[in-house]
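Summary of structural features
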Amino acid sequence: MNRLLFLLSALLALHGGACPPASRGLEYQTSAYWAHAGGVEIVGQYAYCAYQNGLIILDVSKPGAPVETGRVYCAGEGWDVDVWGDHAFLADGVSGLQVIDVSDPCRPSIVGRYETTGTAAGIEVVDGHAYLADGPGGDNGLIILDVTKPADPRFVGRFVSSGMCGSVTIAGKYAYIGEVFLGLEIV
């Protein structure tokens, strides 16, 4: 055991430490409020943050001193968030999708939801459609919802994956799905 610790210490010393030097143009500003923060979406001066108990909205116009403007508690565990228009779409784990009206960042409120059979882990909203990566449990895969009426998300289609979907990004006519065990799937 002592030999292993010595070898690791020597490798770190030769490498210059575990962290890159601070002179690479990056400077720490601050952290805020909680642990287990999931996805973050920045729109204008606001950061919409998925976290373990729901959604927090922060005014980040001064990055060194973010100010909380609003929060919504949800039943699941917030994994990811995307904002489209006046609504935040929260991938809320075992509670599926939560649709939150954020037209007033000081008074966000849940206005709609969509239950899934798995664990809603990733979300991206494009042109009135929500693409939801639904991970472990149920029919793992990508769920596509019409959210043109945010209070009433409607099922459009599904791609059943052989893996566990953890994230999704849409580019053009393709969905790029991050799979926990299989890597990247392109649909």
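The rules behind the values
Residues numbered from 1 in each chain as written. Predicted model: local features only at pLDDT ≥ 70, side-chain atom pairs only at ≥ 80, totals over all residues. Heavy atoms only, no water. Helix = DSSP H or I, 4+ residues; strand = E, 2+ residues; numbered from the N terminus. Buried < 20%, exposed > 50% of the residue type's maximum accessible area, 1.4 Å probe, protein only. Contact = heavy atoms within 4.5 Å. Areas by Shrake-Rupley, 256 points an atom, 1.4 Å probe, with all protein chains shown as cover. Pairing = 2+ DSSP bridges. Axes fitted to C-alpha atoms, helices over the stretch in contact; angles between N-to-C directions. Salt bridge = Lys/Arg side-chain N within 4 Å of Asp/Glu carboxyl O. Lys, Arg positive; Asp, Glu negative; His and termini not counted. Polar contact = N/O pair within 3.5 Å; in protein donor to acceptor, adjacent residues only side chain to side chain. Phe/Tyr/Trp six-rings, centres within 6.5 Å; stacked < 30°, edge-to-face > 60°. Patch = residues over 30% accessible without salt bridge, like charges linked within 9 Å, V, L, I, M, F, W, Y side chains within 5 Å. pLDDT = per-residue confidence, 0-100.

1. Concerning the overall build of the chain
Regarding its fold elements, the chain presents one helix and 15 strands. In the chain, which comprises 187 residues, the proportion classed as buried is 40%. Put simply, of all contacts in the chain between residues at least 6 apart along the chain, 36% involve residues at least 24 apart. For the chain, the accessible area works out to roughly 10,500 Å², and carbon and sulfur atoms hold 57% of it.

2. Overview of the sheet that holds strand 9 (residues 120-126)
Strands sit in the order 9-10-11-12 across an open sheet of four strands; the sheet is antiparallel. Strands with a single pairing partner mark the edges of an open sheet, and in this sheet they are strand 9 and strand 12 (154-160). Pairwise comparison of adjacent strand axes, ignoring direction, gives a mean angle of 20 degrees for this sheet.

3. Digging into the environment of Gly157
Of note, Gly157 is situated in strand 12. Judged by its relative accessible area of 15%, Gly157 is buried. In contact with Gly157, other than residues within four places in its own chain, are Leu142, Ile143 and Ile144.

4. Comments concerning the pattern of salt bridges
For the structure shown, the criterion picks out three salt bridges. Here Arg71 ties to Glu68 by a salt bridge, and the two come within 2.8 Å at their closest N and O atoms. Ionic pairing is found between Arg107 and Asp104, a salt bridge with its closest N-O pair at 3.1 Å. The exposure class of Arg107 is exposed, given its relative accessible area of 62%.

5. Some words on the side chain of Asp82
If you trace the backbone, Asp82 turns up in strand 5 (residues 80-84). Despite its burial, Asp82 pairs with no opposite charge, the nearest such side chain being Arg158 at 19 Å. In this structure the side chain of Asp82 is engaged in a polar contact, spanning 2.7 Å, whose partner is the backbone nitrogen of Val125. Leaving out residues up to four positions away in the same chain, Asp82 has contacts with Glu41, His87, Ala88, Phe89, Ile123, Glu124 and Val125.

6. Examining the sheet that holds strand 2 (residues 46-51)
The four strands lie next to each other as 1-2-3-4, forming an open sheet whose pairing is antiparallel. Because the sheet does not close on itself, it has two edges, and the strands there are strand 1 (37-43) and strand 4 (67-73). Here the strands of the sheet are splayed against their neighbours by 20 degrees on average, with no regard to which way each runs. Taken together, the six bridges between strand 3 (residues 54-59) and strand 4 define a ladder with antiparallel strand orientation. When the sheet's bridge partners are listed, Leu58 is paired in strand 4 with Glu68.

7. Focus: unusual backbone geometry
Positive phi is not limited to glycine here, since Asp127 has a value of about 50 degrees. For Asp127, a relative accessible area of 67% translates into the label exposed.

8. A short note on the packing of aromatic side chains
For the coordinates displayed, the defined rule picks out one aromatic pair. Ring centres 6.5 Å apart and planes at 55 degrees place the aromatic pair Tyr46 and Tyr48 in the tilted group.

9. Topic: a nonpolar patch on the surface
A cluster of nonpolar side chains, Tyr174, Leu184 and Ile186, forms an exposed patch at the surface whose accessible area comes to about 310 Å². Relative accessible area serves as the criterion here: at 38%, Tyr174 is assigned to the partly exposed category.

10. Overview of the confidence of the model for the chain
Counting all residues, the mean pLDDT for the chain is 83, and 79% of those residues have values of 70 or more. Of the regions scoring below 50 in pLDDT, residues 1-23 engages in two contacts with residues more than four places distant in sequence or in other chains.

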